Amino acid sequence: DGGITQSPKYLFRKEGQNVTLSCEQNLNHDAMYWYRQDPGQGLRLIYYSQIVNDFQKGDIAEGYSVSREKKESFPLTVTSAQKNPTAFYLCASTRGYSGANVLTFGAGSRLTVL
Amino acid sequence: AQSVSQHNHHVILSEAASLELGCNYSYGGTVNLFWYVQYPGQHLQLLLKYFSGDPLVKGIKGFEAEFIKSKFSFNLRKPSVQWSDTAEYFCAAWGWGKFQFGAGTQVVVTP
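Residues numbered from 1 in each chain as written. Chains lettered and ligands numbered in written order. Predicted model: local features only at pLDDT ≥ 70, side-chain atom pairs only at ≥ 80, totals over all residues. Heavy atoms only, no water.

Caption draft 1: How the structure looks around the overall build of chain A. Looking only at helices and strands, one finds 0 helices and 11 strands in chain A. When the elements of chain A are put in sequence order from the N terminus, they spell out β-β-β-β-β-β-β-β-β-β-β. In summary, chain A has a C-alpha radius of gyration of 13 Å against a globular reference of 13 Å for 114 residues, a match within 12%. Taking the principal axes of its C-alpha atoms as reference, chain A extends roughly 40 × 30 × 25 Å. Among the 114 residues that make up chain A, the fraction classed as buried is 48%. Between the mean site of the 12 positive side-chain charges and the mean site of the 10 negative ones, chain A shows a separation of 5 Å. (Helix = DSSP H or I, 4+ residues; strand = E, 2+ residues; numbered from the N terminus. Rg over C-alpha atoms; globule rule 2.2 N^0.38 Å. Buried < 20%, exposed > 50% of the residue type's maximum accessible area, 1.4 Å probe, protein only. Lys, Arg positive; Asp, Glu negative; His and termini not counted. Charge placed at Lys NZ, Arg CZ, Asp CG, Glu CD.)

Caption draft 2: Seen up close, the sheet that holds strand S3 (residues 19-25) of chain A. Residue and element names in this part refer to chain A. What the 4 strands build is an open sheet, ordered S1-S3-S8-S7; its pairing is antiparallel. Both edges of this open sheet fall to strand S1 (4-7) and strand S7 (64-66), since each of them pairs with a single strand only. Strand-to-strand, the axes of this sheet are offset by a mean angle of 20°, without reference to chain direction. Where S7 lies against strand S8 (residues 76-78), 3 bridges are found, and the strand directions are antiparallel. Across the sheet, Tyr-64 pairs through a bridge with Val-78, a residue of S8. (Pairing = 2+ DSSP bridges. Axes fitted to C-alpha atoms, helices over the stretch in contact; angles between N-to-C directions.)

Caption draft 3: Representation of the state of the cysteines within the structure. The final tally for this structure, using the stated rule, is 2 disulfides over all chains. Bridging Cys23(A) to Cys91(A), the disulfide has an S-S length of 1.9 Å. Judged by the sign of its S-S torsion, about -70°, the bond between Cys23(A) and Cys91(A) is left-handed. One end of the pair, Cys23(A), is in strand S3; the other, Cys91(A), is in strand S9 (residues 87-94), with 68 residues separating them in the sequence. Looking at Cys23(A), the relative accessible area reads 1%, which means it is buried. Across the disulfide from Cys23(B) sits Cys91(B); the S-S distance is 1.9 Å. On the S-S bond that ties Cys23(B) to Cys91(B), the torsion sits near -70°, and the link is left-handed. (Disulfide = S-S within 2.5 Å.)

Shape is all these values report; function is a separate question.
And the structure:
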């Protein structure tokens, strides 16, 4: 079955460490997204990529970085510059980058900074 | 500012009660509207969507939503909820060149 695989599901990090969250899709979708989900704040866009080798900052990109070297992969690095990294991170994809598409989500990665 | 607002953060109701969740967006142009649902332990998934045409749209599991352009609203309804409808519900819109989500409404249905 096609879908999005995120790993790890749970991750603990010490302050000052960078951590990379994996996102892989086998849907042949062009566009991929990273969202951060915090209680009472909904989903906030961190980064998105419309196509391979291209990505743009979302609403809360500070302290995060991404790459899009392959169509199926869109890893997110949470750097030590992110002031409040403890959160639930969701990766999503769409066939194309437009509002006529429906987001497909992964199961999420929960990051806890100790 | 561009935004999607959901009126209630938490809703508790009994089985067989009717459910209505409010959603408003702030965008004067054409929008595409969505409701997503996150059941406990499951992926976020699409409940229903509105792009154009009949403003009353039907989704999965007996849910429906009505687009009222004059009120910038896209409220979600279900006439009779079940315990299995316990979930977090997110309204989303595309109208600013990106998807924008509301804060979510946690719905708890008691037996």
